[in-house]
Amino acid sequence: MADMGRRLPVYLLLDCSGSMAGEPIEAIRQGVRALLSDLRGDPQALETAYLSVITFSSSAQQVVPLTELLSFQEPPLAAGGSTALGEALKVLEKCLDSEVRKSTPTQKGDWKPLIFLMTDGQPTDNWETQANILKQKRVGNIIACAAGPGADTNVLKKVTEIVVQITNLNPDDLKAFFKWVSSSVKSTSQSVGQTPAENTPVALPPPPPQITIVP
Amino acid sequence: MSVETATLKNGKTLQFNSDMIGDGAMKEVYFTTDRKKVVCFFKDPQAGSDRLRVQRLDFILGKYNPTLPRDAGGAASSAGDAAFYSNLFCWPTDIVTQPRFGIVTATYPNNFFFETGPDFIKGKEKNGVRFLGRRNRQLLEKLAPRELGTWINYFKLCITMTRAVARLHLAGLSHSDLSPNNVLVDPVGGSSIVIDIDSLVVPGLFPPDVLGTKGYIAPEVLSTLPLKFDDPKRQHPSARTDEHALAVLIYQYLLLRHPLDGRRIPPGNTAEEQDALQYGSQAIFCEHPTDDSNRVEEPNSVPNTCLGPLLPDLFKRAFVDGLHQPHRRPSANEWLKALIKTWDLLTPCANAQCPQKWHVFDAQKRQCPFCGTVARQPVPVLRLRYEAKPGQWLADGQLVVYDKLYLMKWHAFARLFPGPETDRTPQGYFAWHEGQWLLINQNLTSLTTSAGNRVPPGQAVALTHGSQIRLSQEPNGRIVEVQLQ
């Protein structure tokens, strides 16, 4: 298409701490599956989007490296442990450094990554330093989702400007979140690469009613 | 699933299924119970109370509507004209007022949905990205090769797409977001349909909603994007920017590459910065005649000069002269005329294994630009002449002959353009028969050989090198001069 070499990297940072056990983690599994199937059906996303999953509980790891949609294998997700948000952000930074192609005078690099961070609780590690590093590096468009009553939107606001909230951890609301992630990826993969200001947030489609934007 | 009722602006009602079948950025889409139409509700809850938007839709459905005859409040000159354009657009038919504000359109015809392939292809709409995107195309090659169609059908769908754009411009409308996403294509049958009509720009009434789509936004729009919306220097989508997008689409469908996408890497530290320059202020045609800085890397790429005597000139005007000077771009109507004239120069490749199977015949080279195969036997080329003034016959085009080609009325008569209401009854056909080329007359009442012999319908005349045939003695009847090349 417009530029065949460039990719749109999409990172999902998923909280798999103990509090997600049961229905919530199952809803997330289904959410990832629905997201994948939805994006595979969209030619523009198929053309440019690459997907990676980073999970965090007592520690954090990249469970799926940045992969094109058709080769993407759903990761096994299990809930248990605490909420190592700081480590997750550190893993993210590493992945962005190694996986996202930079634009240089000799290379057409990737689009600015879209990063969706979902968490349901208070971080249990030292996260602030890492949040600052990420914020300063302006590595990508981070969209944070505070899921359920235990999530702290103030924490997330320190990670990114764009914070949304779903008040309950029920399956329908989680599903709606993944649906919105899908629409966001689709619209980003086809909209213009607007450049005016470095720090303008990416324009995302309006979220469904279950999801509120935290001002 | 439940059945719900929508009330239309004209007071009628419509039953639709409550299961959403599509969810776009602006609209939610539902099937009517008979599945012949879709109901699209605007997501913006204010859409129905936006006076300008409602007025724009009224205009689009009414006096600007080329799919509705004038006597029914539309813009089509007759029922035939309306039917012709109904095949080129998926035009909205009604406005919905309840339960929410929306529009009704016909369901896309079946040929615009994939018939084969795995579940993420089969049954999906034939969005142009499926055929133009490198990854999408590779997938089709692997998983649903039959859906790719042949080159001649890409040529054909360029004609239908250009007809649609030319019709919008004729009415003073502009699409403002022409892209592979808004023109569904069928490379198997060779047709296209313009969708998402509700965001058309009605001059003076409603400014464009969107900037366009990556790769199809005109350079002047992209390079003035940082200016304030109401800055007089800021350029907005218009018919001129449609002309850019149309030229890009035609180039892509015929040559399967983007005209501004070559080896040059513009300055910039991000993809967004580089792209804004590549498609904006620093855009350079990959086949620029004097600046080779943005050539494509593929060694075997087919140059646009293989597309006959007319299209290369238009590509030069679109991507060299007019790339940064919008008023110099060819109009949709100029594209349409050039495509239709070039259609008459197509010839099947002598190589049955040729990936493209068809190309524009070049009498000097006699070679397929896609696979390199040279024509095995002489190709009859008819030089068309018409009587400009009594006794003065001027050349006005050519017809390259192949087996089973039809001779149409616009070949037999000058001053006749294949438009919406043109008689499409074949006047004759050509055949390779027992070692010679024949024109078999079907409906021409005064077909005459150079020796003065009448050839009545049902009889044939041989095409021999140097012979002249008068296709019709009636006013504007053409003379053709046969050359075997």
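A quick note: this is a predicted structure, and the numbers were derived from the prediction, not measured. For every chain, the first residue of the written sequence is number 1, and numbering continues from 1 along that sequence. Chain A is the first chain written and ligand 1 is the first ligand written, with later ones labelled in order. Where local features are concerned, this predicted model is filtered to residues with pLDDT of at least 70; where side-chain atom pairs are given and counted, the filter is 80 or more; whole-chain, interface and lining totals use all residues.

**Student:** Explain the overall build of chain A to me, please; I cannot follow it from the model alone.
**Tutor:** The secondary structure listing takes helices from DSSP runs of H or I that are at least 4 residues long and strands from runs of E that are at least 2 residues long, numbered from the N terminus. When you go through chain A residue by residue, the secondary structure sums to 6 helices and 7 strands. If you list the helices and strands of chain A from N to C, you get β-α-α-β-β-α-β-α-β-α-β-α-β. Radius of gyration: over C-alpha atoms. The globule rule applied is 2.2 Å multiplied by the number of residues raised to the 0.38 power. Here the C-alpha atoms of chain A give a radius of gyration of 16 Å, agreeing with the 17 Å that 2.2 N^0.38 yields for 215 residues. By principal-axis analysis of the C-alpha atoms, chain A measures approximately 45 × 35 × 30 Å. In this scheme every C-beta is placed from the backbone, and a residue whose C-beta has 20 or more other C-beta atoms within 10 Å is buried, one with 12 or fewer is exposed, and one in between is partly exposed. Taking all 215 residues of chain A together, the buried fraction comes to 52%. What counts as a contact here is a pair of residues whose C-beta atoms, placed from the backbone, lie within 7 Å. In chain A, 75% of the contacts between residues at least 6 apart in sequence involve partners at least 24 apart.

**Student:** Quick question: what am I supposed to make of the domain arrangement of chain B here?
**Tutor:** Interfaces are often sized by the accessible area lost when the parts come together. Here the bounds of each domain stem from an automatic or database domain assignment. Taken domain by domain, chain B holds domain 1 (3–107), domain 2 (115–343) and domain 3 (377–484). Spacing between the C-alpha centres of domain 1 of chain B and domain 3 of chain B amounts to 45 Å.

**Student:** What should I look at first to understand the environment of Lys 12 of chain B in this one?
**Tutor:** Checked against the element boundaries, Lys 12 of chain B lands in the loop between strand 1 (3–8) and strand 2 (13–23). Lys 12 of chain B sits 84 residues away from Val 96 of chain B along the chain, and the two C-alpha atoms are 9.5 Å apart.

**Student:** Can you help me understand helix 5 (residues 151–170) of chain B in this one?
**Tutor:** Because each turn of an α-helix spans 3.6 residues, side chains separated by three or four positions in sequence point in the same direction. Here helix 5 of chain B is 20 residues long and its end C-alpha atoms lie 29 Å apart, about the 28 Å a rise of 1.5 Å per residue gives. Judged by how many residues are buried, helix 5 of chain B sits mostly within the fold: 16 of 20 residues are covered. Any helix carries an expected span of 1.5 Å times its number of residues minus one.

**Student:** Teacher, can you tell me more about the sheet that holds strand 2 of chain B here?
**Tutor:** Strands in a sheet are paired, the pairing made by backbone hydrogen bonds, and the direction either parallel or antiparallel. Residue and element names in this part refer to chain B. In spatial order, the strands read 1-2-3-4-6-5; together these 6 strands close into a barrel with antiparallel pairing. Averaged over all pairs of adjacent strands, the angle between their axes in this sheet comes to 45°, without regard to strand direction. Strand direction decides the pairing type here: strand 1 and strand 2, joined by 5 bridges, are antiparallel. Bridged to Ala 6 within strand 2 is Leu 14. Pairs of strands are assigned from DSSP output, requiring at least two bridges between the strands. Angles run from 0 to 180 degrees between N-to-C directions of axes, and those axes are lines fitted to C-alpha atoms, restricted for helices to the stretch in contact.

**Student:** Please clarify how the pairing of strand 14 (residues 428–433) of chain B should be interpreted in this entry.
**Tutor:** Each regular strand displays side chains that alternate between the two surfaces of the sheet. Residue and element names in this part refer to chain B. The pairing of strand 13 (residues 406–407) with strand 14 spans 2 bridges and is classified as antiparallel. Bridge assignment links Leu 407 to a residue of strand 14, and that residue is Gly 428. Pairing of strand 14 with strand 15 (residues 436–441) involves 6 bridges; the strand directions are antiparallel. Bridging from a neighbouring strand, His 433 pairs with Gln 436 of strand 15. What sits between strand 14 and strand 15 in their antiparallel hairpin is a turn of 2 residues, with Glu 434 showing a positive phi close to 45°.

**Student:** Is there a simple way to think about helix 7 (residues 239–255) of chain B in this case?
**Tutor:** The end-to-end C-alpha separation of helix 7 of chain B is 24 Å, in line with the 24 Å expected for 17 residues at 1.5 Å each. Among the 17 residues that make up helix 7 of chain B, 17 are buried, leaving the element largely enclosed by the rest of the structure.

**Student:** I tried to follow the interface of chain A and chain B on my own but got confused; where do I start?
**Tutor:** In this assembly, 29 residues from chain A lie in contact with 32 residues from chain B. Mapped by element, the contributors of at least two residues to the side of chain A that touches chain B are helix 2 (43–48) and helix 6 (171–190) of chain A. Ranked by residue count, the leading element in the side of chain A that touches chain B is helix 2 of chain A, at 4 residues. Here the residues of the side of chain A that touches chain B sort into 10 nonpolar, 12 polar and 7 charged. Under the scheme applied here, ten amino acids are nonpolar (Ala, Val, Leu, Ile, Met, Phe, Trp, Tyr, Cys and Pro), four are charged (Asp, Glu, Lys and Arg), and all others, including Gly, are polar.

**Student:** Would you take a moment to explain the nonpolar core for this structure?
**Tutor:** Soluble globular proteins: nonpolar side chains tend toward being buried together. Connectivity within a nonpolar core runs through C-beta atoms within 7 Å, and the core itself is a set of buried Ala, Val, Leu, Ile, Met, Phe, Trp, Tyr and Cys residues. Counting residues in hydrophobic clusters, the biggest one holds 108 residues, and the most contacted among them are Val 39, Phe 89, Cys 158, Leu 246, Ile 250 and Leu 254 of chain B. Listed in part, the 65 residues of the second largest apolar core include Met 20, Cys 95, Trp 127 and Val 181 of chain A.

**Student:** Mind showing me how you'd approach the confidence of the model for chain A here?
**Tutor:** Detailed reading of the predicted coordinates is not advisable wherever pLDDT is low. Counting all residues, the mean pLDDT for chain A is 87, and 93% of those residues have values of 70 or more. Throughout residues 193–200 of chain A the model reports pLDDT below 50, and contacts reaching past four residues in sequence, or to other chains, amount to 15 contacts. Per-residue confidence from the prediction method is given by pLDDT, with values spanning 0 to 100.

**Student:** What is the right way to look at the pairing of strand 6 (residues 102–106) of chain B in this model?
**Tutor:** Residue and element names in this part refer to chain B. Among the 5 residues that make up strand 6, 4 are buried, leaving the element largely enclosed by the rest of the structure. Note: strand 4 (residues 37–42) against strand 6, 5 bridges, orientation antiparallel. Across the sheet, the residue bridging to Cys 40 is Ile 103, located in strand 6. Across 4 bridges, the pairing between strand 5 (residues 92–98) and strand 6 is antiparallel. The residue bridging Pro 92 from the neighbouring strand is Thr 105, located in strand 6. The turn linking strand 5 back onto strand 6 is made up of 3 residues.

**Student:** Just to check I follow, could you spell out unusual backbone geometry for this structure?
**Tutor:** If a residue is not glycine, its phi is most likely negative; likewise, a peptide bond is most likely trans. All names here are of chain B. With an omega dihedral of 0°, the bond running from Gln 98 to Pro 99 counts as a cis peptide bond. Counting through the fold element by element, Pro 99 comes out in the loop between strand 5 and strand 6. At Leu 256, a position not held by glycine, the phi torsion is positive, near 55°. Residue classification places Leu 256 among the partly exposed residues on the basis of 16 C-beta atoms within 10 Å. Located in the positive-phi region is Lys 404, a residue other than glycine, with phi close to 75°. Its place among the elements puts Lys 404 in the loop between strand 12 (392–400) and strand 13.

**Student:** I'm lost on the environment of Pro 420 of chain B in this one. Help?
**Tutor:** Residues and elements named next belong to chain B. In this fold, Pro 420 is placed in the loop between helix 11 (409–412) and strand 14. In sequence terms Pro 420 and Asp 81 are 339 residues apart; their C-alpha atoms lie 5.5 Å from each other. If we ignore the near neighbours within four places in the chain, the residues touching Pro 420 are Gly 80, Asp 81, Phe 84 and Tyr 85.

**Student:** It is not clear to me how the environment of His 411 of chain B should be interpreted in this structure. Could you clarify?
**Tutor:** Residues and elements named next belong to chain B. Within the secondary structure layout, His 411 lies in helix 11. On the basis of neighbour counts, which here come to 21 C-beta atoms within 10 Å, the residue His 411 falls in the buried class. Along the chain, His 411 and Ser 77 lie 334 residues apart, while their C-alpha atoms are 25 Å from each other. Excluding its chain neighbours within four sequence positions, the residues that come into contact with His 411 are Leu 384 and Leu 399.

**Student:** Explain the packing of helix 1 (residues 23–40) of chain A against helix 6 of chain A to me, please; I cannot follow it from the model alone.
**Tutor:** What describes two packed helices is the angle between their axes and the distance between those same axes. Residues and elements named next belong to chain A. At a closest axis distance of 9 Å, the pairing of helix 1 and helix 6 adopts a crossing angle of 25°. Judged on the interaxial angle alone, helix 6 and helix 1 are roughly parallel. Along this stretch, helix 1 crosses helix 6, giving a crossing that reads as right-handed. The residues of helix 6 that touch helix 1, namely those facing Glu 23, Pro 24, Ala 27, Ile 28, Gln 30, Gly 31, Ala 34, Leu 35, Asp 38 and Leu 39, are Pro 171, Leu 174, Lys 175, Phe 177, Phe 178, Val 181, Ser 182 and Val 185. When its residues are assigned to classes, the contact of helix 1 with helix 6 shows 12 nonpolar, 3 polar and 3 charged. Small angles under 35 degrees read as roughly parallel and large ones over 145 as roughly antiparallel, with 65 to 115 read as roughly perpendicular and the rest as oblique. Helix crossings are classified by the rotation of the near helix relative to the far one: an anticlockwise turn of less than a right angle makes the crossing left-handed, while a clockwise turn makes it right-handed.

**Student:** Sorry if this is basic, but what is going on with the confidence of the model for chain B here?
**Tutor:** Chain-level statistics for chain B give a pLDDT mean of 94 and a share of 100% at 70 or above. As a predicted assembly, this complex carries a pTM of 0.93 together with an ipTM value of 0.86.

**Student:** Is there a simple way to think about the packing of helix 3 (residues 85–99) of chain A against helix 4 (residues 128–137) of chain A in this case?
**Tutor:** Residues and elements named next belong to chain A. The interhelical angle for the contact between helix 3 and helix 4, taken along N-to-C directions, is 30°, at an axis separation of 8 Å. For helix 3 against helix 4, the interelement crossing comes out left-handed. Contacts from Gly 86, Leu 89, Lys 90 and Glu 93 in helix 3 reach Gln 130, Ala 131, Ile 133 and Leu 134 in helix 4. The residue makeup of the contact of helix 3 with helix 4, split by class, is 4 nonpolar, 2 polar and 2 charged.

**Student:** I would appreciate a short explanation of the sheet that holds strand 13 of chain B in the present structure.
**Tutor:** Strand order in the open sheet made by the 4 strands is 13-14-15-17 (chain B), with antiparallel pairing throughout. Single-partner strands in this sheet number two, and they are strand 13 and strand 17 (460–462) of chain B.

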